[in-house]
Amino acid sequence: MLTIDTTRKISFNRLISNGDLVIVYERHDNMKAVTVSEGSVLQNRFGVFKHSDWIGKSFGSKVFSNKGGFVYLLAPTPELWTLVLSHRTQILYIADISFVVMYLEIVPGCVVLESGTGSGSLSTSLARAVAPKGHVYTFDFHEQRAGSARDDFERIGLSSLVTVGLRDIQGEGFPEEFVGLADAVFLDLPQPWLAIPSAAKMLRHDGTLCSFSPCIEQVQRSCETLQSNFTDIRTFEVLLRTYEVREVKTESSEINGNGGSNVSLPCKRRHGSDGANVVSYPNSSVMARPCGEARGHTGYLTFARLQCLS
Amino acid sequence: MSSTENINKSSSRITWEGCSVLLDINDGDRLVFARLSPAAKLKIGNKNCSLQPLIGCPFGTVFQLDTSDSDGPFLSPFQPKGDVNNTDEIKDGHFQAESKDDQPNSESKDNRSLIDNNTAQSLTGEDIEDMRRQGAKGNEIIEALIANSATFDKKTSFSQEKYRLKKQKKYAPRVLIRRPVARSICEAYFKKYPLKIGFLRVDTLSLLLSMANVSSNSDILVVDMVGGLLTGAVAERLGGTGFVCNSYLGQTPHSMDIVRIFNLSDEICKRIVRSSISDLLSPKESRPQNPKQDVGSVESQSIDQMSVSVSMEEASHSPENGISDIGAENTTFPALKAYKATKAGEKASQEILDSWKENGFSSLIIAAPDLDTWTVVRDLLPLLSNSAPFAIYHQYLQPLATCMHNLQLEKMAIGLQITEPWLREYQVLPSRTHPHMQMSAFGGYILSGTKICSS
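Residues numbered from 1 in each chain as written. Chains lettered and ligands numbered in written order. Predicted model: local features only at pLDDT ≥ 70, side-chain atom pairs only at ≥ 80, totals over all residues. Heavy atoms only, no water.

**What to know about the overall build of chain B**
And then number 1: When helices and strands are tallied, chain B shows 14 helices and 17 strands.
And then number 2: For chain B, with 455 residues in total, the buried portion stands at 56%.
And then number 3: As displayed, chain B offers around 18700 Å² of accessible surface, 50% of which is attributable to carbon and sulfur atoms. (Helix = DSSP H or I, 4+ residues; strand = E, 2+ residues; numbered from the N terminus. Buried < 20%, exposed > 50% of the residue type's maximum accessible area, 1.4 Å probe, protein only. Areas by Shrake-Rupley, 256 points an atom, 1.4 Å probe, with all protein chains shown as cover.)

Rendered as structure tokens:
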């Protein structure tokens, strides 16, 4: 997914080959991750797509089924992966993810600790931000979930950047081997305040912490715990509003008392005049409005910085 | 300075001579970008103090202005835990958590007996000046003010803290050294000088970087008319790999002075190059016969560090500013020249240009409020590899709507979406948790999508 290996980065000359992970795009709200395998087919409502037809095509190509239906084949990115991954837990989405990465000041080379791993949605973006030389250590106490996440990171080619550990961070804290080594710690736990003292020990000087909690009561307790070792404690909520864009045909009408002046208007009288005195002028313009439904709440993001005791 | 040394320094958590810092004075009342040198001076109120003590300190250290020394005011490290008088300090304008049994409701005091007749304080300005001349520390003056306030004891504990904070800001101002990174630089500009960065809010900037899949080893094409903030933020994420190509329409590159505020290593600076859009669009074979006069690197054409900091200062003169009323404030960097940041933004070599024409860019980010969005996108999109993502920022919705519509009609991209981020900060305190009373109501719009193969 990431261009750790520069020969695999997207380019005019990089073609889809056997074994590549592609994102099959039907519509913006209907995508699927598929690993290209020469003898396989993809079947969906548009028909049957042979993988062998895909090999040798450029990423971003439109490919057709036996029935003439089509999909697009895209190169995977962490954003697309977030839209197609299998939900084993509630996941973080792009607005929270982007804000977390920027606010934790994660840059290439950083060491980041995360718990829980969940479905690994955030982990892929953390991996992108620390690449090529940093590392993400992510922990989950659920054995099957940790295993599935490990398989996913392998599949999307991130295993050199992300290590999944099976551990109850709330109960046991982070492993001692990371004391004083983490540039940033991210917590998505039901009782984050239990893990905060351990997180403080893991952080480097001036290191940053973020705790994601859906409920304000969790935030309240986390902030109380943070007071003892952290500074710059700030809580945010970040949401996205999306817009729909349409070309709308409108008609404007005018009393035709003064016909001569209308000649200068660029609009043709496509509909003609349907009354003796009224002429309608079809018009079209591109309009935007917010979509009617949106995610109203994901969680609160509490950030803090390890206090400097020089 | 060797380049290995430089790389280590750019990720360093300790300041060094010549490093760029963000000075956060009195909890964000003033924000000053400065370059540390023994000769650099910071004016706080009417006091000029050297920035020398800040060199070699960990980022995150708080300094307090000490006026008690006869040699003049100086900045000394402040220990948040050690000072008895200030243990209950206020962070970010919030009161620290109090013990559970000290809930606001249990407080019996209220403000019914407070009368605003300006007689509560019995110390005069002259008395305070006398104390200062005798070497009283800022904290001692604050204690004296409290002791001589007829109404202090009648205040609730919250307003007592507010009073203390107000006096602390005036008589013992504090300076926090922050690391200048994309987050802090964007926040500082958004707060004090948003026009310069096209009102690009930090959450919007973070979305642009995600949506354009900015990752190491990528070649990112940008049109940055937000002072170099976007270019710097992209370069920071590339970490010395790949390239960020800052492109411009016409002959004159856009200003990139914000790039120099980041402590980018030589390795990272080398990865920031410039090219005119016409050079990018010219066919690969045709080498320009008479290379245009390249206006060149940041330092030759842009405003220097000092004026950047001065413009921030101008913007910080707000009524809330605790000390601006004392006198004009300024920061001077006499030794600036000796610590000039490495050149960023060299002209892209023909070799690199050719490789981009051969392979395509990995993604595109545009933050160009003054250019026609659709025509720029129409021209630049073909330079991207197929399946490359792009993100376009604008303060206004209509140019993005038109651009999105045209991209759909021309079948140039899929996954098109216009989004507007919404960011709300909360005050979290025992029994007093609520959203901030003031918030930024607008952080800009983003059009994002993925380029597809032209059929």
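**With respect to the pairing of strand S15 (residues 413-427) of chain B**
All names here are of chain B.
And then number 1: Taking burial as the measure, the 15 residues of S15 include 11 buried ones, the bulk of the element.
And then number 2: Note that S15 and strand S17 (residues 445-451) share five bridges and pair antiparallel. Looking across to S17, one finds that Ile-414 is bridged to Thr-450.
And then number 3: Both S15 and strand S16 (residues 434-435) contribute to a ladder of two bridges, which runs antiparallel. (Pairing = 2+ DSSP bridges.)

**Notes on the UniProt feature "binding site: S-adenosyl-L-methionine" (unreviewed entry) in chain A**
All names here are of chain A.
And then number 1: Residues annotated by UniProt as "binding site: S-adenosyl-L-methionine" (unreviewed entry) correspond here to Ser-119, Gly-120, Ser-121, Leu-122, Asp-140, Asp-168 and Asp-188.
And then number 2: By secondary structure assignment, the location of Gly-120 is in the loop between strand S7 (111-115) and helix H4 (121-130).
And then number 3: Look at Gly-120 and you get buried, because its relative accessible area is 0%.
And then number 4: Apart from residues no more than four positions distant in its own chain, Gly-120 is found in contact with Leu-85 and Phe-153.
And then number 5: Residue classification places Leu-122 among the buried positions, given a relative accessible area of 3%. (UniProt positions renumbered as here; feature names shortened; annotations may be inferred. Contact = heavy atoms within 4.5 Å.)

**Thoughts on the pattern of salt bridges**
Where charged atoms from two side chains of opposite charge come close, those side chains can pair.
And then number 1: Within this structure, the stated rule accounts for 28 salt bridges over all chains.
And then number 2: Measuring nitrogen to oxygen at the nearest pair gives 3.6 Å for the salt bridge that ties Glu-187 of chain B to Arg-234 of chain A. One end of the pair, Glu-187 of chain B, is in helix H5 (residues 182-192); the other, Arg-234 of chain A, is in strand S12 (residues 230-255), on a second chain.
And then number 3: In this structure Glu-187 of chain B comes out as partly exposed when scored by relative accessible area, which is 21%.
And then number 4: Among the charged side chains, a network of salt bridges with common partners joins Glu-105, Asp-206, Asp-232, Arg-234 and Arg-305 of chain A together with Asp-24, Arg-178, Arg-179, Arg-183, Glu-187 and Glu-425 of chain B. (Salt bridge = Lys/Arg side-chain N within 4 Å of Asp/Glu carboxyl O.)

**A look at the environment of Asp-188 of chain A**
Residue and element names in this part refer to chain A.
And then number 1: For Asp-188, the position within the fold is in the loop between strand S10 (182-187) and helix H7 (196-202).
And then number 2: Asp-188 sits in the partly exposed class, given a relative accessible area of 27%.
And then number 3: Separated by 72 residues in the primary sequence, Asp-188 and Gly-116 place their C-alpha atoms 5.7 Å from one another.
And then number 4: Ignoring anything within four residues of it in the chain, the contact list for Asp-188 reads Leu-92, Ser-115, Gly-116 and Phe-212.

**Thoughts on the pairing of strand S8 (residues 219-224) of chain B**
All names here are of chain B.
And then number 1: Of all the six residues making up S8, six are buried; the element is thus mostly covered by neighbouring parts of the structure.
And then number 2: On S8, burial covers both faces: Asp-219, Leu-221 and Val-223 on one face and Ile-220, Val-222 and Asp-224 on the other are all buried.
And then number 3: Pairing of S8 with strand S9 (residues 243-248) involves four bridges; the strand directions are parallel. Directly across from Ile-220, in S9, lies its bridge partner Val-244.
And then number 4: Handedness of the β-α-β unit built from S8, helix H7 (residues 229-238) and S9 comes out right-handed.
And then number 5: For S8 and strand S13 (residues 363-367), the ladder comprises five bridges, and the chain directions are parallel. Paired with Ile-220 across the strands is Ser-363, a residue of S13. (Right-handed = clockwise from strand over helix to strand, strands pointing away.)

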